[in-house]
Amino acid sequence: MPSHKAVHVKTAGGPLELVDVETTSPTRGEVRIDVGACGICGTDAHFVAGAFPGMSWPLTPGHEIAGTIAEIGEGVEDFAVGDRVAVGWFGGNCNHCDPCRKGIFIHCANGKVPSWQYPGGYAESVTVPATALARIPAELSDAEAAPMGCAGVTTYNALRHTKALPGDRVAILGVGGLGHLGVQFARAMGFETIAINRGTAKADDARKLGAHHYIDATGDVSEALKALGGVSVVLATTGNSQAMAATIGGLLPRGELVAIGVTPEPLPISPSQLITPAVSIVGHPSGTAKEVEETMHFAVLSGVRAWIEELPLSQAAEGYEALEQGRARYRTVLTM
Ligand SMILES: [Zn+2]
Ligand SMILES: [Zn+2]
């Protein structure tokens with residue numbers, strides 16, 4: 001019986017263990033991928049903690065997957081063995097529910113996420129629906145492509161769907177796994193780019209990433225944004241409701257606070273803060289497989305890359321621990 005190595009978390013909050021798993025062939029509409037790399041995303045901690053409904057155990061985390069198709073299931077026509085593909089948060093859609101029939105595939109009622117509805121990418125092999133596949137351009141390695149499936153597409157897609165135009169001021173709240181890509185994308189899209197983070201430890205990195213300005217969030221962020229002339233958009237990448245709320249006074253009239261940092265904490269913002277300046281607060285989900293392709297295409301055109309540290313799969317537990325303790329660099333990527 002063929003087998004491969006995969007990380008298992010046996011119960012909520014349990015340790016990450018490397019185990020041997022039987023390798024099965026893909027069924028209809030699926031492909032099996034030899035994983036080359038898988039990013040460690042902040043959201044993986046919510047999975048390991050068992051924070052999402054309908055999870056099953058053992059869990060294999062990982063939704064920033066890049067690799068090469070090894071086997072094709074029946075009915076898969078557009079991909080072939082040997083194709084290099086990425087699978088991000090968008091792990092497949094059904095094409096027959098109401099949102100799919102309306103063409104909003106990211107909101108598929110039967111949508112899947114790797115590690116949630118099927119085992120994720122902390123493994124040598126994953127089997128995924130063909131609807132989840134994004135083609136990797138030749139210019140990107142697997143390790144470079146992997147983070148584009150979640151951190152990359154989320155920041156790129158969120159920014160390009162705002163009303164901000166080239167030359168407008170845009171602030172990125174948080175210079176971490178998501179934010180360090182947000183700063184690069186904002187700069188590459190032609191925005192006057194402002195990075196916001198607590199303290200000054202990341203000020204130099206923020207400038208290297210392309211930020212024109214840096215704001216230390218331990219001060220009054222709204223006042224600092226106003227001093228720069230105000231911003232059209234704040235892309236809030238930190239899962240911190242207080243920090244998000246602290247930016248709202250820095251938005252220009254009709255500005256947008258776009259929340260992508262995950263937290264269950266309520267936003268402490270009053271309607272009166274929204275009404276007179278007519279500002280809006282919106283959330284943004286990640287992006288479809290096609291949008292992951294578009295993200296990678298833009299990354300190739302613009303030179304945007306995640307700042308990654310590679311670790312072998314056998315050190316997944318160490319990589320995950322570094323994330324949990326806030327010691328991780330911008331993106332840890334497991335390589336197989
Ligand atoms: Zn993620
Ligand atoms: Zn659907």
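Residues numbered from 1 in each chain as written. Chains lettered and ligands numbered in written order. Predicted model: local features only at pLDDT ≥ 70, side-chain atom pairs only at ≥ 80, totals over all residues. Heavy atoms only, no water.

## So, the coordination of the zinc ion (ligand 2)
Here the zinc ion (ligand 2) is held by Cys94 (SG), Cys97 (SG), Cys100 (SG) and Cys108 (SG), and the distances to it run 2.3 to 2.4 Å. For the zinc ion (ligand 2), the four donor atoms in the first shell make angles of 104 to 122° at the metal, a pattern classed as tetrahedral. For the zinc ion (ligand 2), all donor residues lie on one chain, and their spacing in sequence is C-x2-C-x2-C-x7-C. Placement of Cys94 in the loop between β5 (84–87) and α2 (98–101) and of Cys108 in the loop between α2 and β6 (125–129) is noted, with a sequence separation of 14 residues between them. The exposure class of Cys108 is buried, given its relative accessible area of 10%. (Donors = N, O, S within 2.8 Å, 3.2 Å for Na, K, Ca; no water. Tetrahedral: all angles 85-135°; square planar, octahedral: opposite > 155°, others 65-115°. Helix = DSSP H or I, 4+ residues; strand = E, 2+ residues; numbered from the N terminus. Buried < 20%, exposed > 50% of the residue type's maximum accessible area, 1.4 Å probe, protein only.)

## Focus on the coordination of the zinc ion (ligand 1)
The protein atoms donating to the zinc ion (ligand 1) are Cys41 (SG), His63 (NE2) and Cys150 (SG), with metal-donor distances spanning 2.0 to 2.2 Å. Site description for the zinc ion (ligand 1): donor spacing in sequence, C-x21-H-x86-C. With Cys41 in the loop between β3 (30–40) and α1 (44–48) and Cys150 in the loop between α3 (142–145) and α4 (151–160), this pair connects stretches of sequence that are 109 residues apart. The pair Cys41 / Cys150 is uniform in exposure class, with both members buried.

## Remarks on the domain arrangement of the protein chain
Along its sequence, the protein chain is carved into domain 1 (3–150 + 286–335) and domain 2 (153–283). Between the C-alpha centres of domain 1 and domain 2 there is a distance of 27 Å. For the pair domain 1 and domain 2, the summed buried area comes to about 1,700 Å², and 64% of that belongs to carbon and sulfur atoms. Per-residue buried area on domain 1 facing domain 2 is highest for Phe298, Trp307 and Tyr330; these three make up 39% of the total on that side. Viewed at the interface, domain 2 and domain 1 are joined by one salt bridge. Class assignment for the residues of the side of domain 1 that touches domain 2 results in eight nonpolar, seven polar and four charged. (Domains from an automatic or database assignment. Buried area = accessible area lost by both parts, 1.4 Å probe. Salt bridge = Lys/Arg side-chain N within 4 Å of Asp/Glu carboxyl O. Nonpolar A, V, L, I, M, F, W, Y, C, P; charged D, E, K, R; others polar.)

## Comments concerning the sheet that holds strand β13 (residues 280–283)
Read across the open sheet, the six strands follow the order β10-β9-β8-β11-β12-β13; overall the sheet is parallel. The two strands at the open ends of the sheet, each matched to only one other strand, are β10 (213–216) and β13. Going from strand to strand, the sheet's axes swing by 20° on average, the running direction of each strand aside. The pairing of strand β8 (residues 169–173) with strand β11 (residues 231–236) spans four bridges and is classified as parallel. When the bridges of β11 are listed, Leu173 appears paired with Ala236. (Pairing = 2+ DSSP bridges. Axes fitted to C-alpha atoms, helices over the stretch in contact; angles between N-to-C directions.)

## Examining the packing of α4 against helix α5 (residues 179–188)
Following both chains from N to C, one finds α4 and α5 inclined at 40°, their axes separated by 9 Å at the closest point. Here α4 lies oblique to α5, going by the angle between them. Note that α4 runs across α5; the crossing there is right-handed. For the pair formed by α4 and α5, the contact residues are Ala151, Gly152, Thr155, Tyr156 and Leu159 on the first element and Leu181, Gly182, Phe185 and Ala186 on the second. By residue class, the composition of the contact of α4 with α5 is six nonpolar, three polar and no charged. (Parallel < 35°, antiparallel > 145°, perpendicular 65-115°, else oblique. Left-handed = near helix turned anticlockwise from the far one by under 90°. Contact = heavy atoms within 4.5 Å.)

## Side note on α4
Counting buried residues along α4, nine of its ten residues qualify, which places the element largely inside the surrounding structure. Those residues of α4 that fall on the buried side of the exposure criterion are Ala151, Gly152, Val153, Thr154, Thr155, Tyr156, Asn157, Ala158 and Leu159. In this structure, the buried residues of α4 make contact with β8, α5, β11, β12 (251–259), α10 (289–302) and β15 (331–335).

## Observations concerning the side chain of Thr247
Within the secondary structure, Thr247 is located in the loop between α8 (241–245) and β12. With relative accessibility at 0%, the residue Thr247 sits in the buried group. Non-local contacts of Thr247, meaning those with residues more than four positions away in its chain, are made with Leu173, Ile196, Val221, Ser222, Leu225, Val234 and Leu257.

## A look at the environment of His8
The topology assignment puts His8 in strand β1 (residues 3–8). Placed 53 residues apart in sequence, His8 and Pro61 show a C-alpha to C-alpha distance of 7.9 Å. Setting aside residues no more than four positions away along its own chain, His8 makes contact with Pro15, Leu16, Glu17, Val19, Val21, Pro58, Leu59 and Thr60.

## Some words on the pattern of salt bridges
Evaluation of the coordinates by the stated rule reveals 15 salt bridges. In this structure, Glu71 and Arg32 form a salt bridge, with 2.7 Å as the shortest nitrogen-oxygen distance. In this pair, Glu71 is assigned in strand β4 (residues 65–72) and Arg32 in strand β3, connecting sequence segments 39 residues apart. A salt bridge links Arg101 to Asp98; the nearest nitrogen and oxygen atoms lie 3.8 Å apart. Residue Arg101 and its partner Asp98 are located together in helix α2, separated by three residues, close to a single helical turn.

## Side note on the state of the cysteines
In this structure the tally under the stated criterion is zero disulfides. Cys38 takes part in no disulfide bond, and the closest cysteine sulfur, belonging to Cys41, lies 9.6 Å away. Of the residues examined, Cys41 reaches a relative accessible area of 6% and is grouped as buried. (Disulfide = S-S within 2.5 Å.)

## As for the environment of Arg101
The class for Arg101 is exposed, based on a relative accessible area of 66%. With 14 residues separating them along the chain, Arg101 and Val87 place their C-alpha atoms 22 Å apart.

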